Amino acid sequence: MGLGRELLAGPVLEVAPLLLGAVLVRTTGDGTVAVRLTEVEAYDGPNDPGSHAYRGQTARNAVMFGPAGHLYVYFTYGMHFCMNVSAGPEGQPSAVLLRAGEVIEGVELARTRRGMPSRDEARFNSAAVQSGVLPSPRRNGRVADPDRDLARGPARLCVALGVERDADGTDLLAPDSPIQLLPGPGYDGEPATGPRVGLREAADRPWRFWIPGDPTVSPYRPHVPKRRS
DNA sequence: ATTGAGATGGCCT
DNA sequence: GGCCATCTCAATT
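Residues numbered from 1 in each chain as written. Chains lettered and ligands numbered in written order. Predicted model: local features only at pLDDT ≥ 70, side-chain atom pairs only at ≥ 80, totals over all residues. Heavy atoms only, no water.

Summing up its helical and strand segments, chain A has 6 helices and 10 strands in all. The 229 residues of chain A split such that 44% are buried. Across chain A, the fraction of contacts at a sequence separation of at least 24, relative to all contacts at a separation of at least 6, is 63%. Accessible area of chain A: about 12,100 Å², with a carbon and sulfur share of 52%. (Helix = DSSP H or I, 4+ residues; strand = E, 2+ residues; numbered from the N terminus. Buried < 20%, exposed > 50% of the residue type's maximum accessible area, 1.4 Å probe, protein only. Contact = heavy atoms within 4.5 Å. Areas by Shrake-Rupley, 256 points an atom, 1.4 Å probe, with all protein chains shown as cover.)

As a further point, take the protein's contact with DNA strand C. Taken together, 21 residues lie near DNA strand C, and Tyr74, His80, Asn84, Arg156 and Arg200 sit nearest. In DNA strand C, atoms within 4 Å of the protein come 60% from sugar and phosphate. For DNA strand C, a base nitrogen lies 2.4 Å from a polar atom in the side chain of Asn84. In the environment of DNA strand C, a phosphate oxygen lies 3.1 Å from a nitrogen or oxygen atom belonging to the backbone of Ala155. Elements that contribute at least two residues to the surface near DNA strand C include exactly strand E3 (71–76), strand E4 (80–87), strand E5 (94–105) and helix H6 (154–161). (Near = heavy atom within 4 Å. Polar contact = N/O pair within 3.5 Å; in protein donor to acceptor, adjacent residues only side chain to side chain.)

Attention now goes to a nonpolar patch on the surface. A contiguous nonpolar surface patch, about 380 Å² in accessible area, is contributed by Phe75, Tyr77 and Met79. Inspection of the secondary structure puts Phe75 in strand E3. Phe75 sits in the partly exposed class, given a relative accessible area of 33%. (Patch = residues over 30% accessible without salt bridge, like charges linked within 9 Å, V, L, I, M, F, W, Y side chains within 5 Å. Salt bridge = Lys/Arg side-chain N within 4 Å of Asp/Glu carboxyl O.)

Here we take up the layout of surface pockets. If you add up the space inside the largest pocket, you get close to 1,200 Å³. Lining the largest pocket are 36 residues, with Tyr74, Thr76, Tyr77, Val197 and Gly198 positioned closest to its centre. Looking at the lining of the largest pocket, the elements with two or more residues in it are strand E2 (31–43), E3, E4, E5 and H6. A class-by-class count of the residues in the lining of the largest pocket yields 16 nonpolar, 10 polar and 10 charged. (1 Å grid on protein atoms, 1.4 Å probe; cavity = no way out; pocket = protein on both sides within 12 Å on 5 of 7 lines; lining within 4 Å. Points joined across faces, edges and corners; volume = space filled by probe spheres on them. Nonpolar A, V, L, I, M, F, W, Y, C, P; charged D, E, K, R; others polar.)

Turning our eyes to something else, we now look at the nonpolar core. One finds Leu19, Met83, Leu98, Val163 and Leu181 to be the most contacted residues of the largest nonpolar core, which totals 41 residues. Looking at this core, the elements with two or more residues in it are helix H2 (12–18), E2, E3, E4, E5, helix H4 (107–113), H6 and strand E8 (179–182). Non-local contacts of Val163, meaning those with residues more than four positions away in its chain, are made with Arg26, Leu71, Val73, Phe81, Met83, Cys158 and Ile179. Among the nonpolar cores identified, the runner-up in size contains 11 residues, and Met64, Phe65, Tyr74 and Cys82 belong to it. (Core = buried A, V, L, I, M, F, W, Y, C linked by side-chain atoms within 4.5 Å.)

With that out of the way, let us pick up the packing of aromatic side chains. With the rule as written, the count across this model stands at 2 aromatic pairs. Relative to Tyr74, the ring of Tyr72 has its centre 5.6 Å away and its plane inclined at 35°; by these criteria the two rings are tilted. Overall, Tyr72 belongs to the buried group, its relative accessible area being 1%. Classification of Tyr74 as buried rests on a relative accessible area of 13%. The ring of Tyr43 carries Arg196 above its face, with NZ or CZ at 4.5 Å from the centroid. (Phe/Tyr/Trp six-rings, centres within 6.5 Å; stacked < 30°, edge-to-face > 60°. Lys NZ or Arg CZ within 6 Å of the ring centre and 35° of its normal.)

Inspection of the sheet shows strand E1 (residues 23–28) paired to E2 by 6 bridges, in the antiparallel sense. Its bridge partner being in E2, Thr27 is matched across the sheet by Thr32. Where E1 meets E8, 4 bridges bridge the pair, whose relative direction is antiparallel. Residue pairing across strands places Arg26 opposite Ile179, the latter belonging to E8. (Pairing = 2+ DSSP bridges.)

Here we come to the side chain of Thr216. Positionally, Thr216 belongs in the segment after strand E10 (208–210). In terms of polar contacts, Thr216 uses its side chain to reach the side chain of Asp214, at 2.6 Å. Excluding residues that lie within four positions of it along the chain, Thr216 makes contacts with Thr38, Ala100, Gly101, Glu102, Arg148 and Arg152.

Have a look at this one:
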């Protein structure tokens, strides 16, 4: 069972939906944070103009060319990290971008990393809301879940898990690895699919997969060309 | 809820 | 030099 190397070495369009409901566990000196994955995207190397590996191997994308089940971390927009799980057989570059998830362990540490107020402070705020000192945050008429955004979006996911450049290449299947990919609860239903977020190239391919209705799934955003003044 | 601007580093042509 | 697999905040419907 589970997410073995051989399974991950399959076609990336088959691997990507298998990661929905899987769990990524990251342990550092500060503690452990675990995330249940709810949204991913497939990137199919040489067949995919949207893939970092489309134009061949470079120092940055080298992990995608290696064996499956390793973490490909890249830096983008001058300030964000994003992470992928390498897929497909060695020598055939493909990867699954991890876009969002639900923090199921280590919420307090994740909140700290994301610059959110501590739980104690949040509790104080809740008291203030109940006493009428602060307005109640609402979304569609329901009280907002303050932890929903902790790992909602690829850069937030990296922050919540403490994943930066030095995690690039980590083997997610090694028993002693500081970042583990575990089967978790999985997802039995039919995943929702749609175009990938923010891509200029190959914007029509429906290679984004998510758990329908899950509140931690990030909103879709089409590519917007930059304009100069 | 949706939109737009700004911040910012590094990769690739 | 151009282009990002983004996020947050503010202004507006």
